[in-house]
Amino acid sequence: MGVLNREEGLKSYGYKDDDFPTESSELQLETEGDIYRAFLPYSQESPMPEPNASIELKKNRHVKYLLGALDSLPSYWTALDASKPWLCYWIIHSLDLLDHRIPESLAQRAISTLRHVQCETGGFAGGPGQDAHVATTYAAVNTLAIIGTKEAYDVINRATLLEFLLRIKQKDGSFKMMVGGEIDVRGSYCAMSAATITNIRTPELEEGVAEFVGRCQTYEGGLGGYPGVEAHGGYAFCGLAALELLGRTDVLNMNTLVKWSVNRQMSLEGGFQGRTNKLVDGCYSFWMGGVFPIIGKMLESLEQDKEALNFVYDRDALQEYLLIACQSSSGGLRDKPFKPVDYYHTCYCLSGLSLSQHQLSFRHELVDKAPGALSSLLWTENLDKPRVVGSPTNMVEATHPLLNIRLDKVRKAFVHFYGKAAEDVIEEVDIEVVDIEIIHA
């Protein structure tokens, strides 16, 4: 599949305004024109198409861009003064996906930063002296899990973290983003993710969460930030991933969710939009692309071949968009052509690229041996089914479809926080993987 090898002209897949142009339709057509020009040298419409193998992920340039943040940041980044844990996560996770060893100096600076933004009453703030926020708590926990040392893990005060999460938990099962803050399904995901990694999930924390998330599903099939608002790609992933962590995707109408999700992939661009009638954006390669491994788990539970996913969304087309339209020649990834690069889009473009390259499976047959949060360890990679557009060197590391840190870092964190219970599950999974590899051999 993919966009570049289609027999019909690329423009035949473009937006049709039925001769009733609007501001939105004109912007859509302008965006399609930019992407068409980026794709053209590689498409069948070119007199001498560039070979597919010449499509390259510029790993060294992206690493240089990311490491450049260690020296100094431009003044406009002061707008993210309350997002220090996010900057740590976006940069360190990106380097990790690119399989670049995290420099010790960077790891130590991140540990120090996160230690200083942890609040005495629990959770992590966006900066020193600020209030704890569940989104920056999620980013901090993920960053420390990626670093993966005892010193990093020990930064997290699990007792006060649970107290903080229970403080922002509401009677209807929702979470506020902070004490006195807004209710948002992102809070449900961030809370469940942080609690899952650190082994602090309790019945009280989980009570009513699935039911609240279920009420966030809209008539379109996607999920909004809270009940009654428009479906959105970021909220859809957060809600679905929170439910999968809880083992409660049953509260959703999966047929309408799948229909809404597949319709977010753009026909000409190959990337995803976040909402109906909006433009493509590279970050949705993760926020929307991330729902499909969970859909794949559904297909497996129905004893359907997960290869069906290749007909549900076009993994090749997504990679073409990311590799051709979202890379800057000087390093970093972006929303779309002619947009500036940033650390947020670099992180989520690479995360979406990872999910589209690696086919991940859930070990249903081991569920009884991995109760509750330990089921997150049952996600494994099908090593015989990678899908890489362009040069084989474009492969990035596999990220966990629910937690969005590398699979091996998830295992290491679980061993630290769950001990022997996690080791036993990992041993069972590895035995199963070896058996499958022998069968395929």
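Refer to the structure printed above.
Residues numbered from 1 in each chain as written. Predicted model: local features only at pLDDT ≥ 70, side-chain atom pairs only at ≥ 80, totals over all residues. Heavy atoms only, no water.

Side note on the nonpolar core
Step number 1: With 141 residues, the main nonpolar core has Tyr 89, Phe 124, Leu 165, Tyr 189, Tyr 343 and Tyr 348 as its most contacted residues.
Step number 2: At 10 residues, the largest contribution of residues to this core is made by helix 5 (residues 134-147).
Step number 3: Residues in contact with Phe 124, not counting those within four places in the same chain, are Leu 114, Val 117, Gln 118, Ala 132, His 133, Thr 136, Thr 137, Ala 140, Val 141, Leu 144, Val 155 and Ile 156. (Core = buried A, V, L, I, M, F, W, Y, C linked by side-chain atoms within 4.5 Å. Buried < 20%, exposed > 50% of the residue type's maximum accessible area, 1.4 Å probe, protein only. Helix = DSSP H or I, 4+ residues; strand = E, 2+ residues; numbered from the N terminus. Contact = heavy atoms within 4.5 Å.)

Focus on the packing of helix 1 (residues 23-39) against helix 16 (residues 315-325)
Step number 1: Remark: helix 1 packs on helix 16, axes separated minimally by 10 Å, with the N-to-C direction vectors making an angle of 85°. Between helix 1 and helix 16, the crossing angle belongs to the class labelled roughly perpendicular. Of the residues in helix 16, those in contact with Ile 35, Ala 38 and Phe 39 of helix 1 are Glu 320, Tyr 321 and Ile 324.
Step number 2: Here the residues of the contact of helix 1 with helix 16 sort into 5 nonpolar, no polar and 1 charged. (Axes fitted to C-alpha atoms, helices over the stretch in contact; angles between N-to-C directions. Parallel < 35°, antiparallel > 145°, perpendicular 65-115°, else oblique. Nonpolar A, V, L, I, M, F, W, Y, C, P; charged D, E, K, R; others polar.)

Looking at the state of the cysteines
Two cysteines joined by a covalent bond between their sulfur atoms form a disulfide.
Step number 1: Following the criterion strictly, the structure yields 0 disulfides and no others.
Step number 2: Its sulfur unpaired, Cys 119 is 15 Å from the next cysteine sulfur, which belongs to Cys 88.
Step number 3: Classification of Cys 119 as buried rests on a relative accessible area of 15%.
Step number 4: A disulfide-free cysteine, Cys 238 has its sulfur positioned 6.0 Å from the sulfur of Cys 190, the nearest such atom.
Step number 5: Overall, the relative accessible area of 4% leaves Cys 238 in the buried class. (Disulfide = S-S within 2.5 Å.)

Comments concerning the environment of Cys 88
Step number 1: When you line up the elements, Cys 88 lands in helix 3 (residues 84-97).
Step number 2: Residues Cys 88 and Tyr 344, spaced 256 residues apart in sequence, show a C-alpha to C-alpha distance of 11 Å.
Step number 3: Among all residues touching Cys 88, those that are not within four sequence positions of it are His 93, Ala 110, Thr 113 and Thr 143.

Notes on the packing of aromatic side chains
Step number 1: Tallied over the entire structure, the rule returns 22 aromatic pairs.
Step number 2: Aromatic pair Trp 90 and Tyr 344: ring centres 5.6 Å apart, planes at 80°, arrangement edge-to-face. Here Trp 90 is found in helix 3, whereas its partner Tyr 344 is found in helix 17 (residues 343-357), with 254 residues between them in sequence.
Step number 3: Between Phe 414 and Tyr 418, the ring centres sit 4.7 Å apart and the planes meet at 10°, which makes this aromatic pair stacked. (Phe/Tyr/Trp six-rings, centres within 6.5 Å; stacked < 30°, edge-to-face > 60°.)

Considerations on helix 7 (residues 158-168)
Step number 1: For helix 7, every residue scored as buried is listed here: Thr 160, Leu 161, Leu 162, Phe 164, Leu 165 and Ile 168.
Step number 2: Where helix 7 is buried, its residues touch helix 5, helix 8 (185-198) and helix 9 (203-206).
Step number 3: The distance from a side-chain oxygen at the start of helix 7 to the backbone nitrogen of Ala 159 is 3.3 Å, and the residue carrying that oxygen is Asn 157. (Polar contact = N/O pair within 3.5 Å; in protein donor to acceptor, adjacent residues only side chain to side chain.)

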